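Coordinates in review
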Amino acid sequence: KQWYQRRVRAVTIMPDPPFYSPQRSIVLTSVGSGPTSMATFAIYNTGEQVAGDLIIPMVAQYTNNHGSPRSVHNSVPLPLGLAVAPCPPEKSAAYKITIETNKPPVNLVELFGEVNCEGQGGQSACVGLRFYSGEVVTVLAAKNSRKLRNVDDAWRVRGCEVHI
């Protein structure tokens with residue numbers, strides 16, 4: 001029973017702006033003998049707008065053992081560093097949202113570690129993130145209470161902050 005012997009014909013990704021890929025589809029002429037194969041795509045950020053999501057949908061089209069065409073839909077998470085870069089935090093802005101949680105205070109440098117926030121003086125209670133479109137968001141964590149505060153000047157970054 002070699003259930004994994006499927007003939008993959010193409011793998012397609014569908015990034016939403018501001019992300020794009022010069023090669024949205026890869027046609028596979030041969031698949032390795034094992035149960036997995038790899039297709040590599042380059043993803044870029046145009047920096048023209050705030051990323052609405054850090055998930056890219058993808059579809060793999062293949063033929064099963066009986067010769068019937070099939071497709072598998074999946075999604076791939078993008079690294080946060082593809083949407084934002086560390087920057088100095090700003091404590092005053094037009095919009096402030098406070099979130100109260102039932103979890104203990106978090107170390108924001110560890111939480112946003114993949115963005116490399118270490119250059120912000122090692123502050124674990126305050127992190128600044130600059131979207132490649134220019135908007136700056138500051139995340140503050142209260143030291144003694146269980147509150148987080150998001151501070152920014154652009155209301156349109158709210159959707160992405162919720163995902164972060």
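Residues numbered from 1 in each chain as written. Predicted model: local features only at pLDDT ≥ 70, side-chain atom pairs only at ≥ 80, totals over all residues. Heavy atoms only, no water.

**A few points about the sheet that holds strand β11 (residues 147-152)**
One open sheet accounts for five strands, arranged β7-β9-β10-β11-β8; its pairing is antiparallel. With partners counted over all chains shown, the strands left at the sheet margins are β7 (84-87) and β8 (95-100), one partner each. Direction aside, the axes of adjacent strands within the sheet are offset by 25° on average. The pairing of strand β10 (residues 136-141) with β11 spans five bridges and is classified as antiparallel. Bridge pairing in β11 places valine 139 opposite asparagine 150. (Pairing = 2+ DSSP bridges. Helix = DSSP H or I, 4+ residues; strand = E, 2+ residues; numbered from the N terminus. Axes fitted to C-alpha atoms, helices over the stretch in contact; angles between N-to-C directions.)

**Things to note about empty space enclosed by the protein**
For the structure on display, the rule yields one cavity of 30 Å³ or more. Of the voids in this model, the largest cavity is the one considered here, and its volume is about 40 Å³. Around the largest cavity, the lining residues are Pro15, Asp16, Pro17, Pro18, Phe19, Asp53, Ile55, Ile56 and Leu78. (1 Å grid on protein atoms, 1.4 Å probe; cavity = no way out; pocket = protein on both sides within 12 Å on 5 of 7 lines; lining within 4 Å. Points joined across faces, edges and corners; volume = space filled by probe spheres on them.)

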